[in-house]
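The lines below spell out each chain.
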Amino acid sequence: MTMRRRTFLRVTVATVSGLLAGCGERDDDVSSEPGEAYFPQSVASGDPRASSIVLWTRVFDPERTDEDLPVELELFLDEEAALAVELDGVSRLEASARAGADHCVKVRVEGLEPGTHYYYRFAYLRDGVRRLSRLGRTRTAPASDADATVRFAFMSCQDYGGRYYNSLAHLATQEVDFMVHLGDYIYETAGDEGFQEADAERGIVFEDTEGVLHVERGDTQFVAARSVDNYRQLYRTFRGDEALQRVHERFPMLAIWDDHEFTDDCWGPNGTYTDGRVDEHDPERRQNASQAWYEYMPVDYPDPDFEYDRSVPPPDDIRIYRDFAFGRHLHLVLGDVRSYRARHVVPGDAYPGAVALDQATLERTGGVPDEAGPYVEDIETFAGGVYATALRSLAAAAEYPEDRVTGPVSAEWIASSLQRLGSDLDPIDEETLASLPRGIAYHHLGKSGFWGRFGSRFMVAARAFERVANVAWAETDGASEDMFGAAQESWFLDTIGSSTHTWKVWGNQFCLMPLQIDLTGLTVPDAFRHVFNFTLDDWNGTPNRRAQLIEQLHEIGNVVAISGDIHAFFAGTPFARTGASARIPELVTGSISSNALRPLVEHQVANDPVLSSLPGASSLAGAIGDFFTLSGGPNAHLGFAEVASHGYAIVEVGAEELQATYYMYPYERVGERLYDAPGLATLMRTERFRVLSGSPDIHREQNGTWRRWNTDTQTWE
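Even after reading the chapter, I still don't get the packing of helix α10 (residues 486-497) against helix α11 (residues 543-556), so can you show me in this structure?
A pair of packed helices can be characterised by two numbers: the angle between their axes and the separation between those axes. Orientation of α10 relative to α11, taken along the N-to-C sense of each, is 25°, at an axis distance of 10 Å. Overall, the two elements α10 and α11 adopt an arrangement that is roughly parallel. Across the interface between the two elements, Glu 489, Phe 492, Leu 493, Ile 496 and Gly 497 of α10 pack against Arg 545, Leu 549, Gln 552, Leu 553 and Ile 556 of α11. Across the contact of α10 with α11, the residue classes tally to six nonpolar, two polar and two charged.

Written out as C-alpha cells, the structure is:
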C-alpha cells in the first residue's frame, strides 16, 4: 500500500487559553443535536500528564466515505457541559477527520490544570447541524510535587469472537484515575480454532478479503489481518463494543502493544503461525498493524509533531515506550519488548534429531548432564548412510526439508524414527551406542515434531533449555536474549534508576516470573519426566537477561512489575539466579475475555496428538494451576495463581505502600453479555495484595490479616 504523507493522521495540538461563562450557541445560528451514529467508536482519551491529555474520536458518514470531514472539539469543566474551556482562543476547536486515516481524529490539549477532571465532546458539522458525540470524561495527572494517592486499573487480552467484555462493564462502575492496557487490545485472527470461538453475533468477517493472510497450520485453516484496512476493521469492531466504550468514556488510557496487535508470538516483524514452514518475515504487515494502532490509540509521543511515516522501516517507524509521572509517589514506565526482541532461542522448525549442543560444548560449559544422549557425528556417512536415507524419507513424508537431516543426529531420534517408519533396519546396537559421544538434541527439549510450538515455545524441558540458552548467550554476547534493543534498554534503566518517585511501576507486556511444571514424579513416559518451562514466549525464554535485569531493578528498590498476556492471575516475587534476596514483586492480571489459561491448556492438550496420548493428560491439563503452586515445587517465587477466571486489577499507590486488588469472575460466563446484569458484581471475587515501601516482599490479605509470602517455605506467613 502507498499513501501520500499528507493523507495520514496529523495530531491537532491545542492550548487552553481561558474559561468561558457558558457553552451556549454560536452567533452563526448553527444548531446542535445528538449524533452518536456518526461516532460509532464513541470517544477516548489517553496518556494523561499534569498539563496535557490526548483526546480521540472517529467520524463515520456513509454518504461521505472518501471525504475529509469537518470536526469540532469542545472541552468543559463539568458534566453538564456548562463551564466551557477556551482552546486557542475559541470555544470550539476545529479539526479534520481525514479519509486517509480512516476518519480518526486526535487532539493533544495542553495547558491543563493538574489532577483535574475534564469533560469533552466532538461535533461533526453536516447539513448546517452540529452532530454531537457522547460526552467523555478524562483526568490529568497530579502535579509533580503532590502528595497524592493514585488509583489505576491494569488489564490485557480482550479477544472478541464469541466473548463479551463483562470485565470492562464492571470496571466502568469503579472510580480510577486512569487505566493501563498492557496489550492484545485486538486479536488479528478470525477463526483460529486453537483459542478462538465462532459466533454469528460476536465474530469477525474481514471486509477486505483480498488483503487477508490465509494461514494453514496442520489440519486447521484460518485468516488473519494483513492489510491496513484489515487491522482498522478490527479496531472499529472491538471499539464498537458498549462496555469498552464505557471505560474509554470515563477513564484515560495508557496503552502498549503485545503480540496480537500484529501477529501471535511475534518477534520484530516476524510471525510464527507456521513455525518455520513459511517465511513469515513481513515488514509491510508490521507497518500496516502499526499504522492502524497509531490511528486508533489515544497515545502521546515524545515529539508532539510526530506523524506515522511508512517510509521509515520498523522498528524505527514508531516508538511506543515512554514514561509518566503521577505526583510524588508513582512513576509509570511502559516498555516495548515485541518490536525489538530477538528470535526465540529454540526455532519452531528445528529438526528434533539435530544436536543443539555436542559433547565438546557441554564439557566446555559445565559438563555432560544426565539428560544428554548418544549421537552419531555425521548421519550421512554413519553406517553407510542407511539411517540418513530412512530419516529423510520420514522428513519427506511430513513435507519437511530433507536437507536438514545432516550432521550430528541423536541416536534416540534415529531409533524412534525407525519405529515410526516400521523400518526393517536394525537399530544401533548397544555396544556402538556406548561408544558414541553424548549431547543435547532438540527432542531433549521436548520437541517431538518437525514443526511446532511444543518443545520450542511451550512445554520445553527446563534443564536442557538452560544449557542451550546459556551457550547461545555466551556465543552471541547476550544478543540471543535481547528484548529491549540497545537504545530502549539504556532509556529504561536510566529512567527507572534516576527516578525520585516512591514507586517505580514497570508496565510489562508479559510474565517476568518463571512458570515451571514438574512432571518428574508422575507416571508418564521418560520423555516427559522433566521439569518444563510452561512457555518461552515471555521472559522465561531469556533466563540470563531476566536474571540480570532483576538484579538491576532490585538494587534500585521499590520497583514493581505489572504484567499480562498469560490469561491468568499471578502474584509473586521473581528472583535472580544469585538467590531470593535479589527479587522484585510482580502482579499479573488475567484476561479481559481471551480464553482463560486452564481451558486454553485443556483445549490444546486435547487437540495435540502427542500430548493427548499421555496417560491422564486431560487431568494434568485441568490441574495446571496446582502444578504452578505445588508446595516444594520449582516456583518458589509464586505465591498466588488463578487460572480459570477473567477480570482486571486495580492498584492504589501511596507514600507507604502499594496495594493491588484482583477482580475475577468464572471463565464459564464470558460467553454471556452481562453488561447491565444486576448480578455481575456478585460474580466478581477479589484478592488483595500489597507491597510496603523499602521491601521487595509481597503480602496477601487472608481473613483480614496481611501475610507475607515466604519463598523458603512457600507459604503465606
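What follows continues from the structure just given.
Please clarify how the packing of helix α6 (residues 386-397) against helix α7 (residues 411-421) should be interpreted in this entry.
Relative orientation of the contacting elements α6 and α7 amounts to 60°, with a least axis distance of 10 Å. The angle between α6 and α7 falls in the class oblique. The chirality of how α6 crosses α7 is left-handed. Side by side, α6 and α7 meet where Tyr 387, Ala 390, Leu 391, Ser 393 and Leu 394 of the first sit next to Trp 413, Ile 414, Ser 417, Leu 418, Arg 420 and Leu 421 of the second. Across the contact of α6 with α7, the residue classes break down as eight nonpolar, two polar and one charged.

I'm lost on the side chain of Thr 138 in this one. Help?
The residue Thr 138 is located in strand β11 (residues 136-139) in this model. By relative accessible area, which is 1% here, Thr 138 ends up buried. The residues touching Thr 138, leaving out its near neighbours within four places in the chain, are Ser 45, Ile 53, Leu 55, Thr 116, His 117, Tyr 118, Tyr 120 and Pro 252.

What is the right way to look at the pattern of salt bridges in this model?
When charged atoms on two side chains of opposite charge get close, those side chains can pair. On inspection of all chains with the given rule, the structure shows 54 salt bridges. With a shortest N-O distance of 2.8 Å, Arg 131 and Glu 33 are connected by a salt bridge. Placement of the pair is Arg 131 in strand β10 (residues 129-132) and Glu 33 in strand β2 (residues 31-34), with a sequence separation of 98 residues. On the accessibility criterion, Glu 33 (34% relative accessible area) is partly exposed. With its nearest N and O atoms 3.1 Å apart, the salt bridge here joins Asp 526 to Arg 529. With relative accessibility at 61%, the residue Asp 526 sits in the exposed group. The class for Arg 529 is partly exposed, based on a relative accessible area of 35%. Salt bridges sharing partners connect three or more residues here, namely Glu 72, Glu 74, Arg 92, Arg 121 and Arg 130.

Calculation rules
Residues numbered from 1 in each chain as written. Predicted model: local features only at pLDDT ≥ 70, side-chain atom pairs only at ≥ 80, totals over all residues. Heavy atoms only, no water. Axes fitted to C-alpha atoms, helices over the stretch in contact; angles between N-to-C directions. Helix = DSSP H or I, 4+ residues; strand = E, 2+ residues; numbered from the N terminus. Parallel < 35°, antiparallel > 145°, perpendicular 65-115°, else oblique. Contact = heavy atoms within 4.5 Å. Nonpolar A, V, L, I, M, F, W, Y, C, P; charged D, E, K, R; others polar. Left-handed = near helix turned anticlockwise from the far one by under 90°. Buried < 20%, exposed > 50% of the residue type's maximum accessible area, 1.4 Å probe, protein only. Salt bridge = Lys/Arg side-chain N within 4 Å of Asp/Glu carboxyl O.

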